[in-house]
Amino acid sequence: MANYRSLLVGCGARATEHADVYRDIPNMDLVACCDLLPERVEHYKQTYGIPEGYTDLHEALDKVKPDVVHFVTHPAHRVWEAQTAADAGVKACIIEKPVAVLPSDVTGLDGVHNSTGMEIITNTQRSYFPQFNDGTISDIVQSKLGEVYMVHCGAKGNSMSMGPHMMDLLLLFLGRPTPLSVWAMGYEIWESQEGKPDYRDTHRSPEHLLAEYWLPCDWQQSPNVRVIFECGEDVVGTPNEQSFWMHLHFDFLGSKGRLYLTQNKGYWYQTEGMAEPVHGESSWDKQGRWGQRDFTAAVADHLDGKALHHNRWETGRVVVQSLLGAQQSIYENTKIDFPLNFNDAQWHALRARLLAEQKAREAKA
């Protein structure tokens, strides 16, 4: 069994779980951390017992020679980060979601992955929560509900915040299909405010997005499953859910039953002939840390050839392309088919149009 050396890049609040789980992973060692701010580096070294710390990525890669790098950074420089790691001989990058925001990010990451063979793994760690990782939910969806004809799912935040998590789980539950087509609408663009940093400054997407996807599912007779996928502050979702970041839900409707799943309030399903529904656990507070641990440990298994990682580039790419497909549909104002032909100029044009429409509405108010 190989022992993999890991480097953590980005020592902000989100990186705490990335660092903390290493004490429970026997064949991976977090040997160094890196951040532009030296006080953050020192804090992580002291808090998590990390031996080495750096404020320069190139120096860290040169001296540490890591096998695995965690990029817990804003999604503005993903291609550069991945290429820099690959050039240093890194075997796998764990990249925080969203792994890409612009269409050119996907193309660039394709190039890095295809030319170097470095694994690019998106940190959509919820797929390693026990009921998702062991196939429990996928089995309910694919074998207990009859013909699944409709799915509704929703998450607070825009489609580049909780959207990647929700899309990743949706595709996992349905057997990892690639969408056939999507029709979407959206409105509102976040405007950055000087001196007031916000996640929306970098997780750029229409703030409200409603999409209908057509997904092929070869495990049932019906050719396609229709999915209503929505992201925004006012989504239809989990009753009484207070948490912003951890809010998402799924509602699967089949010819013989229903599955209702939430991020924080468990899940239940009921099928023909069942007097009472069956309930199960789903909880960020109880499962979040363990999901991150098992997600990270699975990187070593992937590199060892033991099991493919749920969130490797081949699957992570479909997730982000699915989300970008909704934006292309909004841009073209029509249903579009995959694969996409969306480009950065169109992406920027969409934002400019939605912002202009937003200003016009505000002027009338």
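Residues numbered from 1 in each chain as written. Predicted model: local features only at pLDDT ≥ 70, side-chain atom pairs only at ≥ 80, totals over all residues. Heavy atoms only, no water.

Asker: Where do I start with the overall build of the protein in this structure?
Answerer: In terms of regular secondary structure, the protein is built from 11 helices and 15 strands. Projected onto its principal axes, the C-alpha positions of the protein cover 60 × 55 × 40 Å. Restricting to contacts in the protein with at least 6 residues of sequence separation, those with at least 24 account for 68%. By element, 51% of the accessible surface of the protein is carried by carbon and sulfur atoms, the whole surface being about 15600 Å². One finds the centroid of the 33 positive side-chain charges in the protein at a distance of 2 Å from the centroid of its 48 negative side-chain charges. (Helix = DSSP H or I, 4+ residues; strand = E, 2+ residues; numbered from the N terminus. Contact = heavy atoms within 4.5 Å. Areas by Shrake-Rupley, 256 points an atom, 1.4 Å probe, with all protein chains shown as cover. Lys, Arg positive; Asp, Glu negative; His and termini not counted. Charge placed at Lys NZ, Arg CZ, Asp CG, Glu CD.)

Asker: Mind showing me how you'd approach unusual backbone geometry here?
Answerer: If a residue is not glycine, its phi is most likely negative; likewise, a peptide bond is most likely trans. Cis peptide bonds are those with omega within 30 degrees of zero, and the linkage from Lys97 to Pro98 qualifies with -10°. Within the secondary structure, Pro98 sits in the loop between β5 (92–95) and α5 (103–116). Note that the residue after Phe338, namely Pro339, is joined by a cis bond; omega there is 5°. Structurally, Pro339 can be placed in the loop between β15 (336–337) and α11 (344–364). With a phi close to 65°, Arg176 is a non-glycine residue in the positive phi region. For Arg176, the position within the fold is in the loop between α8 (163–173) and β8 (181–187).

Asker: How should I be thinking about the nonpolar core in this particular structure?
Answerer: The nonpolar side chains of a soluble globular protein tend to be buried, and buried together. Among the nonpolar cores identified, the biggest contains 82 residues, and Leu170, Phe173, Tyr213, Val227, Phe229, Phe250 and Phe252 are the most heavily contacted of them. Looking at which element gives the most residues to this core, the answer is helix α10 (residues 313–332), with 8 residues. If near-sequence neighbours (up to four positions away) are discounted, Val227 is found in contact with Val151, Cys153, Leu170, Leu174, Ala211, Glu212, Tyr213 and Leu215. Ranked by size, the runner-up nonpolar core spans 24 residues in total, among them Cys11, Ala15, Ala19 and Phe295. (Core = buried A, V, L, I, M, F, W, Y, C linked by side-chain atoms within 4.5 Å. Buried < 20%, exposed > 50% of the residue type's maximum accessible area, 1.4 Å probe, protein only.)

Asker: It is not clear to me how the packing of helix α3 (residues 57–64) against helix α4 (residues 78–87) should be interpreted in this structure. Could you clarify?
Answerer: Relative orientation and spacing of two packed helices are given, respectively, by the angle between their axes and the distance between those axes. Direction vectors running N to C along α3 and α4 enclose 25°, while the axes themselves pass 10 Å from each other. It follows from the interaxial angle that α3 and α4 lie roughly parallel. In the crossing of α3 with α4, the sense of the turn from one axis to the other is right-handed. Mapping the contact onto sequence places Leu57, His58 and Leu61 in α3 and Trp80, Thr84 and Ala85 in α4. (Axes fitted to C-alpha atoms, helices over the stretch in contact; angles between N-to-C directions. Parallel < 35°, antiparallel > 145°, perpendicular 65-115°, else oblique. Left-handed = near helix turned anticlockwise from the far one by under 90°.)

Asker: What exactly am I supposed to notice about the sheet that holds strand β3 (residues 52–54) here?
Answerer: Hydrogen bonding along the main chain pairs the strands of a sheet, whether they run parallel or antiparallel. Strand order in the open sheet formed by 6 strands is β3-β2-β1-β4-β5-β6, with parallel pairing between adjacent strands. Both outer strands of the open sheet, β3 and β6 (119–122), are each paired with one neighbouring strand and no more. The average undirected angle you get between the axes of adjacent strands in this sheet is 25°. (Pairing = 2+ DSSP bridges.)

Asker: Would you explain the packing of α10 against α11 in this entry?
Answerer: Running from amino to carboxyl end, α10 crosses α11 at an angle of 60°, the nearest separation of the two axes being 10 Å. The pairing of α10 with α11 is recorded here as oblique in orientation. α10 and α11 meet at a crossing whose hand is left-handed. Counted together, Leu324, Gln327, Ile330 and Tyr331 of α10 and Gln346, Trp347, Ala349, Leu350 and Arg353 of α11 form the full contact between these two elements. Counted by class, the contact of α10 with α11 contains 6 nonpolar, 2 polar and 1 charged residues. (Nonpolar A, V, L, I, M, F, W, Y, C, P; charged D, E, K, R; others polar.)

Asker: What am I meant to see in the sheet that holds strand β9 (residues 208–216) here?
Answerer: Pairing within the open sheet is mixed, and its 9 strands lie in the order β14-β13-β12-β11-β7-β10-β9-β8-β15. The open sheet has two free edges, formed respectively by β14 (278–280) and β15, since each of these has just one partner strand. In this structure, strand β13 (residues 267–271) lies alongside β14, joined through 3 bridges in antiparallel fashion. Bridging across to β14, Trp268 finds its partner in His279. Against the sheet, α8 makes contact with β7 (148–155), β9, β10 (224–231), β11 (248–254) and β12 (257–262), and its axis sits at roughly 30° relative to β11, the strand it touches most.

Asker: Help me out: how do you make sense of the pattern of salt bridges in this one?
Answerer: When charged atoms on two side chains of opposite charge get close, those side chains can pair. Per the counting criterion, the structure on display carries 20 salt bridges. Measuring nitrogen to oxygen at the nearest pair gives 2.8 Å for the salt bridge that ties Glu59 to Lys63. With Glu59 and Lys63 both in helix α3 and 4 residues apart, this pair spans about one turn of that helix. A residue is classified by how much of its surface remains accessible, and Glu59, at 32% relative accessible area, is partly exposed. (Salt bridge = Lys/Arg side-chain N within 4 Å of Asp/Glu carboxyl O.)

Asker: How should empty space enclosed by the protein be read in this particular structure?
Answerer: Empty space among the atoms becomes apparent when a probe as large as a water molecule is rolled across them. Going through the model one piece at a time under the given rule, you end up with 2 cavities of 30 Å³ or more. In this model, the largest cavity occupies a volume close to 40 Å³. Every residue lining the largest cavity is listed: Pro98, Val99, Ala100, Thr122, Pro164, Gly316, Val319, Val320 and Leu323. The element best represented in the lining of the largest cavity is α10, accounting for 4 residues. Tallied by class, residues from the lining of the largest cavity come to 7 nonpolar, 2 polar and no charged. By volume, the second largest cavity is sized at about 40 Å³. In this structure, the second largest cavity is lined by Phe129, Phe132, Leu169, Leu248, Leu261, Thr262, Gln263 and Ser282. The residue inventory of the lining of the second largest cavity, partitioned by class, reads 5 nonpolar, 3 polar and no charged. (1 Å grid on protein atoms, 1.4 Å probe; cavity = no way out; pocket = protein on both sides within 12 Å on 5 of 7 lines; lining within 4 Å. Points joined across faces, edges and corners; volume = space filled by probe spheres on them.)

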